[in-house]
Amino acid sequence: MEYVPFQLGHVLDCGDPVLDAIQRLRIMCDVAEGVQYLHEGVPSGIIVHGDIKPANVLITAGLRAKLCDFGLAAVKQTVSSMTVSSIGGVGGTPNWCAPEMFQPNPKKRSPGDIWSLSLVLWELMLEQHVVPFQAMPAMIRQVMISPDFIPASHFPLAKNGMAVEESAEIEAFDQVHAFLVDRCWTVDPLPRARSAEV
């Protein structure tokens, strides 16, 4: 079994190890590819993770990401959904749960994973946890209203006085942010991006 020394939640909380923009982009791709494999690459059906969050992303010594903790995962062999059964009806960690998971009789579906994945990707962009759960509804509303919600000062690579070689990295983060707002944070789960698009 491989030893995996880091957990993304710890990296975001403590900044150890320090990740540059390229390393963060690679980790973002690793996590997104892992979710795509669960949703589209498993021969036996679709696997919905159900609890994608920084604490469930391990980081290897080579700074590659691996999804873990499949305790809430559900395997679906058809497109029908499974009803979530847990205390309070919410499967997963509330900070990263999609809005539909707070409805009566929530269904565990792949769009819920996309919502959670997009929050993890945003946290990687900012190198910090997004917001406490109590502020989540207001934050999501603000993000949906204003695509420029994240001030430039929150980006580790500041747009003011950036070096020429950093401009491509800033552009990549801007494109990811726009995609998250437009395609992943829709309150209605149906138009959310598929894992292959992320």
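Cut-offs used in this document
Residues numbered from 1 in each chain as written. Predicted model: local features only at pLDDT ≥ 70, side-chain atom pairs only at ≥ 80, totals over all residues. Heavy atoms only, no water. Helix = DSSP H or I, 4+ residues; strand = E, 2+ residues; numbered from the N terminus. Contact = heavy atoms within 4.5 Å. Areas by Shrake-Rupley, 256 points an atom, 1.4 Å probe, with all protein chains shown as cover. Pairing = 2+ DSSP bridges. Expected span 1.5 Å × (residues − 1). Polar contact = N/O pair within 3.5 Å; in protein donor to acceptor, adjacent residues only side chain to side chain. Axes fitted to C-alpha atoms, helices over the stretch in contact; angles between N-to-C directions. Parallel < 35°, antiparallel > 145°, perpendicular 65-115°, else oblique. Core = buried A, V, L, I, M, F, W, Y, C linked by side-chain atoms within 4.5 Å. Buried < 20%, exposed > 50% of the residue type's maximum accessible area, 1.4 Å probe, protein only. Salt bridge = Lys/Arg side-chain N within 4 Å of Asp/Glu carboxyl O.

Draft legend 1. A look at the overall build of the protein chain. Of the regular secondary structure elements, the protein chain holds 5 helices and 7 strands. Starting at the N terminus and ending at the C terminus, the protein chain contains elements arranged as β-α-α-β-β-β-β-β-β-α-α-α. Sequence separation of at least 24 residues holds for 66% of the intrachain contacts in the protein chain that already meet a minimum separation of 6. For the protein chain, the exposed area adds up to about 10,100 Å²; of that, 57% sits on carbon and sulfur atoms.

Draft legend 2. Highlighting the sheet that holds strand β4 (residues 65-67). Spatially, the 3 strands line up as an open sheet ordered β1-β3-β4, and their pairing is antiparallel. The sheet terminates laterally at β1 (6-7) and β4, the two strands that pair on one side only. Direction of pairing for β1 relative to strand β3 (residues 57-59): antiparallel, over a ladder of 2 bridges. Opposite Gln 7, over in β3, you have Leu 58 as the bridge partner.

Draft legend 3. Layout of helix α2 (residues 21-41). With 21 residues, α2 should reach 30 Å at 1.5 Å per residue; the first-to-last C-alpha distance of 28 Å fits that figure. Its side-chain oxygen 3.0 Å from the backbone nitrogen of Ile 22, Asp 20 forms the N-cap of α2.

Draft legend 4. Region of interest: the packing of α2 against helix α3 (residues 110-126). Look at α2 against α3: their axes get within 10 Å of each other, and the N-to-C directions meet at 170°. Between α2 and α3, the crossing angle belongs to the class labelled roughly antiparallel. Of the residues in α3, those touching α2 at Arg 24, Ile 27, Met 28, Val 31, Ala 32, Val 35 and His 39 are Ser 110, Asp 113, Ile 114, Leu 117, Leu 121, Leu 124 and Met 125.

Draft legend 5. Up close: the nonpolar core. Residues Leu 8 and Trp 185 are the most contacted members of the largest nonpolar core, which totals 40 residues. Mapped onto this core, the elements with two or more residues apiece are α1 (8-14), α2, β3, β4, α3 and α5 (167-184). Looking at which element gives the most residues to this core, the answer is α3, with 10 residues.

Draft legend 6. Structural context of the environment of Leu 124. The topology assignment puts Leu 124 in helix α3. Leu 124 gets classed as buried once you look at its relative accessible area, which sits at 1%. Beyond its immediate chain neighbours, meaning those up to four positions away, Leu 124 contacts Leu 8, Leu 19, Arg 24, Ile 27 and Met 28.

Draft legend 7. Expanded view of the pattern of salt bridges. Scanning all chains against the criterion turns up 7 salt bridges. Here Lys 66 and Glu 2 are joined by a salt bridge, their closest N and O atoms 3.2 Å apart. Within this pair, whereas Lys 66 is found in strand β4, its partner Glu 2 is found in the segment before β1, the two being separated by 64 residues in sequence. Judged by relative accessible area, which is 47%, Glu 2 ranks as partly exposed. A salt bridge links Arg 24 to Glu 127; its shortest N-O distance comes to 3.7 Å. Linking Arg 24 in helix α2 with Glu 127 in the loop between α3 and α4 (136-145), this pair joins segments that are 103 residues apart in sequence.

Draft legend 8. Looking closely at the side chain of Asp 51. Structurally, Asp 51 can be placed in the loop between β2 (46-48) and β3. Judged by its relative accessible area of 9%, Asp 51 is buried.

Draft legend 9. Focus on the environment of Asp 113. For Asp 113, the location among the structural elements is in helix α3. Given the relative accessible area of 2%, Asp 113 is considered buried. For the pair Asp 113 and His 49, spaced 64 residues apart in the sequence, the C-alpha separation amounts to 6.6 Å. Setting aside residues up to four positions removed in sequence, Asp 113 forms contacts with His 39, Ile 47, Val 48, His 49, Gly 50 and Ile 52.

Draft legend 10. Quick look at unusual backbone geometry. The residue after Asp 16, namely Pro 17, is reached through a cis peptide bond having omega 5°. Along the polypeptide, Pro 17 turns up in the loop between α1 and α2. For Leu 63, which is not glycine, the phi torsion reads 60° and is therefore positive. As for its position among the elements, Leu 63 is in the loop between β3 and β4. Positive phi, close to 60°, is recorded for Asp 69, a residue that is not glycine. With respect to the helices and strands, Asp 69 occurs in the loop between β4 and β5 (74-76). Classification of Asp 69 as partly exposed rests on a relative accessible area of 40%.

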